[in-house]
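# Summary of the model geometry
Listed here are the chains, written in short residue letters.
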There are 2 protein chains.
Amino acid sequence: MISLDLGMLFDPLRHSWETGVLSSLPLNPWSLKFLPLLGAAPVGEDMSLTEAVAEVTEVAAGPDESPLVLASVLLSLVVVYFASKLGGEISRKVNLPPVLGELVGGVVVGVSALHLLMFPETGATAADSALMPILQFISGGALSPEALESVFTSQSEVLEVLAELGVIILLFEIGLESDLRELTKVGYQAALVAVVGVLVPFAGGTIVLVALFHTPTIPAIFAGAALTATSIGITSKVLSELGHLKSKEGQIIVGAAVIDDVLGIIVLAVVASLAKTGEVDVVNLIYLMVSASAFLLGSIFLGKFFNQAFVAIADKLQTRGKLIIPALVFAFIMAFLANAIHLEAILGAFAAGLVLDETDKRKELDQQVLPISDILVPVFFVTVGAKADLTVLNPAVAANREGLIIAVALVAIAILGKLVTGWAVFGQPGINRVAIGVGMIPRGEVGLVFAGIGAASGVLDKPLEAAIIIMVILTTFIAPPFLRYAFQGQPTDDAEANLDEAISSAGKAS
Amino acid sequence: MISLDLGMLFDPLRHSWETGVLSSLPLNPWSLKFLPLLGAAPVGEDMSLTEAVAEVTEVAAGPDESPLVLASVLLSLVVVYFASKLGGEISRKVNLPPVLGELVGGVVVGVSALHLLMFPETGATAADSALMPILQFISGGALSPEALESVFTSQSEVLEVLAELGVIILLFEIGLESDLRELTKVGYQAALVAVVGVLVPFAGGTIVLVALFHTPTIPAIFAGAALTATSIGITSKVLSELGHLKSKEGQIIVGAAVIDDVLGIIVLAVVASLAKTGEVDVVNLIYLMVSASAFLLGSIFLGKFFNQAFVAIADKLQTRGKLIIPALVFAFIMAFLANAIHLEAILGAFAAGLVLDETDKRKELDQQVLPISDILVPVFFVTVGAKADLTVLNPAVAANREGLIIAVALVAIAILGKLVTGWAVFGQPGINRVAIGVGMIPRGEVGLVFAGIGAASGVLDKPLEAAIIIMVILTTFIAPPFLRYAFQGQPTDDAEANLDEAISSAGKAS
């Protein structure tokens, strides 16, 4: 019980039980929040305190390890922010989009390298995490393996929810930055780009796998389907960073990516149904298509009415957060509803952003969403990087080789299959077709979902699964620098806005 | 498998297992994130898909229910924001500090009334939560009680961490709003106020309990100790809302509340030690006092150097979040360190805010912290309200009566014991002594921790425990309107700033 006894820092209850020193028990109020404050019946007065403490300890050894969870979330966030800033800044220095650096930063702190940020999803346990020994150290080794595991699980869960909130906020922000009228103007083009961008990689992937690699039809179709869905998060973030989100190309890409996301979910349903029964479940298919369209169009249509309600509410509120809170409530409700009808939560958030973009509160809202997005969005990108297991890329491991060879073919199709989409755009002379194609390249999460389902259901064998994972990783990492290159020489949104201003002020001056 | 089959909305895996329909399996990509993407060995190709799905389902039935956790966190946040805005706005309308309304809003949605926001801490299970039936409904009743319980536990854990991050951000903001030089100027006064505000309620509570209620000495000392610690979160938030945080009185209150918090932790250690061995563990006591002082003074001292590093870093960064991210990293590291040396995390965040207040980035940082604080801080206050079980206040329940009678005495001592602190201030003619005393009244969390430890260790019997809980609830709810009243007629921070400006511009004009 001397000043450097670190054993009692984080788990005073357990420590006091082991050493029998009650005085160390109540040191950290946070650590005692889990005591049954209101529900517990007091133990008899004749019970010794040591016995009582032992009883409390039993309660405390339950599922809740709050103070350690908070401590480990704080540490993880510090790791996330270090990784994102270091990666982002270096990326920027070499003239690449910062988000690429955030992804790479995530890879460095994640499962592929430092193991600071690990997730049960990739099969990791507390023993695999490099953060847990730090927690164990400051608690003086007093934590049981089960307690450590429970802290690890809780911390991962909190981080995953933060990452999900991050991508919800990101898509809300992208929605705010997008212009519904612009988006409607390029609607047909975006739909065409999306459809071509789903059909070409789907057909290409399936045919190449069957023809060149003699893959059976069902696994080939499944792998082909995994090539379809563009990652709207990564693509829109890169566009925003490059200053081309509001360009015609940018709006076509974002619109197409949104439609693409819906198509990807439908394709997955079709393929899974095909794989199981040999035929397509038409009713389910129609339901999906109708509900998705109804949600997106309906929310935008009803949004026009909600718009006015939103402005009226924000004008009436007088306490702090009078603008951001109603906006987030709307975004969260929309995300929840999208999720509830089988779509992704982020689509709801995007629709909410689009709707609120139409109000005269837009600029003020934009400004308030920025810092929230600044602290939550990196959690998403660093997490994506941290979960990417780059060891499948190592050709020195014999088991990786077959997958690597197939991966080369899949990556080529994935890139070419999206590149051609630029030429699906009609009636837009002078449009940057390469940029549109490149913008559709990154695959992200949905591709991994295909790989996961395929592997777990036995449709995909190990090499094909690995090939899909490699395809997702490479398209995600390749697209940002390529997109920057494709947009080279084209004026950015700011530059155009400045030009517009210059012209209009020149007009006034003359 | 028709369009209104809600059974597959949130848990397609489980549903598909039960109905044997694979096509409903992959509808929601979020719900499949937990598949062992990278680690799973593929099942044999000859295994039927149904068998494979059953196997996947077994994996999925594990601890992770991510999509439902996200959905229930989104719903809970919507509830939190509704409660905080409704309560806050009504409170404002009747000229009370909004934070009081947020607390009351929390009470309405929490364990005392609507049961929308429940926490395992108060003994609640999934069956007690009014949100869980909503989740059960949209998943078509497909969730097992265990799965629902696991979602409830995870959701509560995420919300608790968000609330803790909220109070960390709040204290960081209060630190940013406070002026270190002003605080140092009133340092002695604050220390005196804190010491008087700990000693008087401690002694008063103990003596009254022994003399009037014939409580045995040890429980009386324990209950007396529970009267000591002011809730820095509630008090500083009210001060900020009233526009008196930067007044001399405001700075004395905040300074005293910080010292008070440290003293409260020390008192708890002393009392617990006394209760067990009959004597005080001097070594531990000295360790606590030294480490607490060293942390607070050391961080402020070293902060002067870190200040320059922070500005240099922020100036060098070029990507988004270049100011807020380094600031939060600093705040989170300080919170972690404070936690690690037995103090509360919020004290570290407050110290971090104080330090960064000294830089020329202060204004910009202030502005960026605002929206983050707007969305996280309500989670804290609504949660505090939601956890307060007001049923102990019901005199119709016979078991509550003894506690209520003791509570009347404790509340009186709690209020008077802090009110007198205003007269401990010396050498400050014309200072608002009543306001200082009232500002120290709210007790909050630490008092509940005392009640919890006391009850669990058997030192406190049920009526005494209930009395302490009532004391915490009442002082917390009484202080905000009283404080507003005490400050009436005194110019607010803004008014004073305007006056200063007017005087200086008048000086320039002449």
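In what follows, the accompanying structure is described. (Residues numbered from 1 in each chain as written. Chains lettered and ligands numbered in written order. Predicted model: local features only at pLDDT ≥ 70, side-chain atom pairs only at ≥ 80, totals over all residues. Heavy atoms only, no water.)

Here we come to unusual backbone geometry. Residue and element names in this part refer to chain A. One non-glycine residue, His-115, adopts positive backbone phi at about 60 degrees. Here His-115 shows up in the loop between α4 (98–109) and α5 (132–138). Unlike most non-glycine residues, His-214 shows phi in positive territory, near 55 degrees. Of note, His-214 is situated in the loop between α8 (187–213) and α9 (217–226). Residue classification places His-214 among the exposed residues on the basis of a relative accessible area of 65%. (Helix = DSSP H or I, 4+ residues; strand = E, 2+ residues; numbered from the N terminus. Buried < 20%, exposed > 50% of the residue type's maximum accessible area, 1.4 Å probe, protein only.)

Within this structure, the stated rule accounts for ten aromatic pairs over all chains. Judged by centre distance (5.1 Å) and plane angle (70 degrees), the ring pair of B:Phe380 and B:Phe381 falls under edge-to-face. Across the pair, B:Phe381 and B:Phe380 agree in class, each one buried. Cluster of aromatic residues (ring-pair linked, three or more members): A:Phe306, A:Phe310 and A:Phe330. We note B:Lys387 situated over the ring of B:Phe119; from NZ or CZ to the ring centre the distance is 5.0 Å. (Phe/Tyr/Trp six-rings, centres within 6.5 Å; stacked < 30°, edge-to-face > 60°. Lys NZ or Arg CZ within 6 Å of the ring centre and 35° of its normal.)

Assignment of secondary structure puts B:Ser154 in helix α6 (residues 145–177). Put simply, B:Ser154 and B:Leu70 are 84 residues apart on the chain and 9.6 Å apart in space, counted from C-alpha to C-alpha. Those residues within four positions of B:Ser154 in sequence are excluded, and the remaining contacts are A:Glu157 and B:Val69. (Contact = heavy atoms within 4.5 Å.)

This part covers a nonpolar patch on the surface. Taken together, the side chains of A:Phe82, A:Leu86, A:Ile90, B:Ile333 and B:Leu337 define a hydrophobic patch exposed on the protein surface, amounting to about 460 Å² of accessible area. Listing elements by their share of the nonpolar patch, those giving two or more residues are α3 (66–93) of chain A together with α13 (324–340) of chain B. When residues in the nonpolar patch are grouped by element, the largest group, three residues, is from α3(A). Inspection of the secondary structure assignment puts A:Ile90 in helix α3. Judged by its relative accessible area of 53%, A:Ile90 is exposed. (Patch = residues over 30% accessible without salt bridge, like charges linked within 9 Å, V, L, I, M, F, W, Y side chains within 5 Å. Areas by Shrake-Rupley, 256 points an atom, 1.4 Å probe, with all protein chains shown as cover. Salt bridge = Lys/Arg side-chain N within 4 Å of Asp/Glu carboxyl O.)

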